[in-house]
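# Inside the fold
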Amino acid sequence: MPVAYPELHGRTFDVVVIGGGINGSSAAQQLAAAGYECLLVEKEDFGSGASGRSARMLHPGLRFFEAPNPVRHFGLNPGRFLDALKGARQAMLGVSEHLRDGGDRIRAYRMCFPVRDDAEFKAWHLRAGLSLLQLLGDGGFGFDKEIVTRDFPDKLPFFNDLQDPHRIKAVAVYNEFKFEWPERFCADMALDAERNGATLQTYCTARLGSRDEDGTWTVQLIASNKPDLEPAEVRTSLVLNMAGTWIDGLLPASRPLIEATKGTHLIVEMPDAYEGFGIAGLNSLGQPHYVLPHHKNLFSIGVTETPFEGDATDVAATDEEIDFLIQETNRLLPGRRLSRADVMWTWAGVRPLTHSGGQTKIGRAPRTLHDLENRGLPGVLALTGGPIMTHRSAGRDVLAAVRSKLQPSRPKRRVNTSAFAFSSGGNSPPLLADEPDVRIADLELSVTREHARTLTDVLLRRTGLGWRRKLTSPEVERSARIVAPLLQWSTEEEAAQVGHYLTFQDRVFRRPRPQADDTP
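What counts, and at which threshold
- Per chain, the residues get numbers from 1 upward, laid out in the order the sequence is written.
- Side-chain atom pairs in this predicted model are given and counted only at pLDDT of 80 or more, local residue features only at pLDDT of at least 70, and totals for whole chains, interfaces and linings cover all residues.
- Values shown for side chains rest on all heavy atoms present in the structure; no hydrogens or waters enter the calculation.
- Going along the chain from the N terminus, every DSSP run of H or I of four or more residues is numbered as a helix, and every run of E of two or more is numbered as a strand.
- Axis angles are defined between N-to-C directions and span 0 to 180 degrees, where every axis is a line fitted to C-alpha atoms and, for a helix, only to the segment in contact.
- Note on angle classes: values under 35 degrees are labelled roughly parallel, values over 145 roughly antiparallel, values of 65 to 115 roughly perpendicular, and the remainder oblique.
- Each crossing gets its handedness from the near helix: less than a right angle anticlockwise from the far helix is left-handed, clockwise is right-handed.
- Whether two residues are in contact is decided by their heavy atoms: any pair within 4.5 Å suffices.
- Amino acids are sorted into nonpolar (Ala, Val, Leu, Ile, Met, Phe, Trp, Tyr, Cys and Pro), charged (Asp, Glu, Lys and Arg) and polar (every other residue, Gly among them).
- Stacked, tilted and edge-to-face are the three classes applied to pairs of Phe, Tyr and Trp rings, where Trp contributes its six-membered ring and a pair requires centres within 6.5 Å; stacked means planes under 30 degrees apart, edge-to-face means over 60, and tilted covers the rest.
- Charges are assigned to positions over rings by a cutoff of 6 Å between ring centre and Lys NZ or Arg CZ, combined with an angular limit of 35 degrees from the ring normal.
- Throughout this description, the term salt bridge denotes a Lys or Arg side-chain nitrogen within 4 Å of a carboxyl oxygen of Asp or Glu.
- Here the term buried applies to any residue with accessible area under 20% of the maximum for its type, exposed to any over 50%, and partly exposed to those in between, with areas from a 1.4 Å probe on protein chains only.
- We call two N or O atoms a polar contact when they sit within 3.5 Å, provided that within protein one can donate a hydrogen and the other can accept it, with sequence-adjacent residues counted only if both atoms are side-chain atoms.
- Pairing between two strands requires that DSSP report at least two bridges joining them.

## Some remarks on unusual backbone geometry
Keep in mind that most residues, glycine aside, have a negative phi and that most peptide bonds are trans. For the bond from G302 to V303, the omega torsion is 15°, close enough to zero to count as cis. Checked against the element boundaries, V303 lands in the loop between β13 (298-302) and β14 (306-308). For D151, which is not glycine, the phi torsion reads 50° and is therefore positive. By the secondary structure assignment, D151 is in the loop between β4 (146-148) and α5 (152-155).

Below, the structure is given as structure tokens:
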């Protein structure tokens, strides 16, 4: 029987990285530049898991301190306060680093946090938290914070949409940021790793095999889209389990490393008065609730946090989760009077948080790099709880851990973090008239040089068009016609790719079922 990936079968690497999400791609980028012979494998496409389904926030760490009464909460739990400090420090440095070279991949806006007269969360809590964050940072950016206490409508055009405007004592306004497109970061880091000598393999499921007496691991590689082929086998000194939600499935049965929570988001259209602003608050459960700019006049609303078990591959929002977010948004912004009819699409993701051992999580614990030698797996490392905003430092931490165990086999090269830009296009026309920056040449480039293998890879993760709006059947069909000859698709495969993308769009980016009292 033919073997999967014959070009890889029998090869030996310094490090095999399993998982092409934001942290796995960052680790591969750092390792390849440091001179390690590196293989990065991903069971689908780069950024196709939790990284692409996140809230997309590049926040400076205030969320680590969010609790209904932060002074009491952290005063009674000093260990959690130290975790919050560590996570906030990582977040602040991550923001500074991305602002230096992120270009238009990073969106800035003015976050607004209203404080009512009956809130446990006070204006001075926010002021103190922002001041603490500034001390934790490296001076790479300023919050430009302002505590607005009067003339609210003059400074906040949407103010009268807020709940009980007469009861609002202050609004904290400060700079925050978003990743426009996390999947593109994953692809760009993987491609930079490839330029520095790494080998990339998407649509490849990895399984940990046996360990030889000399300490070398065997890793089996199974073609995700052709499971009937014999697995290829590679050998490696070190294995990095960066599979996110799927981390525990790659390890022998034992105490889990992760606990998963599901986060759901909505996309709605907002009036011009909201342009340039984001709004934050605490929902009725005491958890963060955000209304954030997404694209043009579209805003994302989120996020939920509920325990999750099962396969996160095609996780989607439920009607109950959607109704909860609508309810909480109408609680924060009753002037908008949102209903299911206002929801243009949704998405959901699953966070691979570090297992807490049954402790209640409030705020965010810092990421953890596990050396699994104490579990009988010497030479295997795993990363849990790494948010997208700190992926660069996560990659450097992984590199430091690898260096402590293994010397590189090749000369050192340079990490390239320059901002991605679409091609100038030359004479190439735009694919969509309303999104002129994405040209047909960009679709062609994604399959000839950027490892895109499916239409979903192209439209969602290489061009980002699927995140800007829902695409029509003719637009998807036109896209397929452009890339089909380059990927040698038959007529039947081309039609199947169109159907798969449209099904994905309807299922994973689903709209809620209408209700009788919804108004169009």
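## Some thoughts on the packing of helix α12 (residues 473-487) against helix α13 (residues 491-508)
Look at α12 against α13: their axes get within 9 Å of each other, and the N-to-C directions meet at 140°. As summarised for this structure, α12 and α13 are arranged oblique, according to the angle between their axes. Judged by the twist between their axes, the crossing of α12 over α13 is right-handed. Residue-level inspection shows S473, V476, E477, A480, R481 and A484 of α12 in contact with α13, the latter providing E494, V498, Y501 and L502. Grouping the constituent residues of the contact of α12 with α13 by class yields six nonpolar, one polar and three charged.

## Description of the packing of aromatic side chains
Per the stated rule, a full pass over the model turns up 13 aromatic pairs. An aromatic cluster of three or more residues is present, and its members are F158, Y274, F277 and F299. One Lys or Arg, R184, reaches over the ring of F420 and ends 3.8 Å from the middle of that ring.

## A look at the pattern of salt bridges
Throughout the structure, instances matching the rule amount to 37 salt bridges. Across the pair R116 and D164 runs a salt bridge, and its minimum N-O distance is 3.0 Å. With R116 in strand β3 (residues 106-116) and D164 in the loop between α5 and β5 (168-179), this residue pair connects regions lying 48 residues apart in the sequence. The partner of K262 in a salt bridge is E321, with the nearest N and O atoms 3.0 Å apart. Here K262 is found in strand β10 (residues 258-269), whereas its partner E321 is found in helix α7 (residues 319-332), with 59 residues between them in sequence. Considered together, K262 and E321 belong to a single accessibility category, that of buried residues. Counted as one network, the salt bridges with shared partners bring together R116, D117, D118, D164 and R167.

## Some points on the environment of R511
Along the chain, R511 turns up in the segment after α13. R511 sits 170 residues away from A341 along the chain, and the two C-alpha atoms are 8.8 Å apart. When near neighbours in sequence (up to four residues on either side) are disregarded, R511 contacts A341, V343, M344, W345 and K470.

## Comments concerning the side chain of D188
When you line up the elements, D188 lands in helix α6 (residues 182-195). Among the residues examined, D188 registers a relative accessible area of 15% and is labelled buried. Apart from the residues within four sequence positions on either side, D188 is in contact with R105, R195 and F420.

## A closer look at the packing of helix α3 (residues 78-101) against helix α4 (residues 123-136)
Helix packing for two helices is described by the angle between their axes and how far apart those axes are. At their nearest, the axes of α3 and α4 sit 9 Å apart, and the two run at 65° to each other. Viewed along their axes, α3 and α4 form a crossing whose handedness is right-handed. Contacts between α3 and α4 involve F81, L85, A88, R89 and M92 from the former and L132, L133, Q134 and L136 from the latter. By residue class, the composition of the contact of α3 with α4 is seven nonpolar, one polar and one charged.

## A closer look at the side chain of K262
For K262, a relative accessible area of 7% puts it in the buried group. Side-chain polar atoms of K262 contact the side chain of E321, separated by 3.0 Å.

## A closer look at the pairing of strand β11 (residues 277-282)
For β11, a buried count of five out of six residues is recorded, marking the element as mostly surrounded by other parts of the structure. As paired elements, β3 and β11 share three bridges and run parallel to each other. Each residue of the ladder has a partner; that of R110, found in β11, is F277. What sits between β11 and strand β12 (residues 288-295) in their antiparallel hairpin is a turn of five residues, with G286 showing a positive phi close to 80°.

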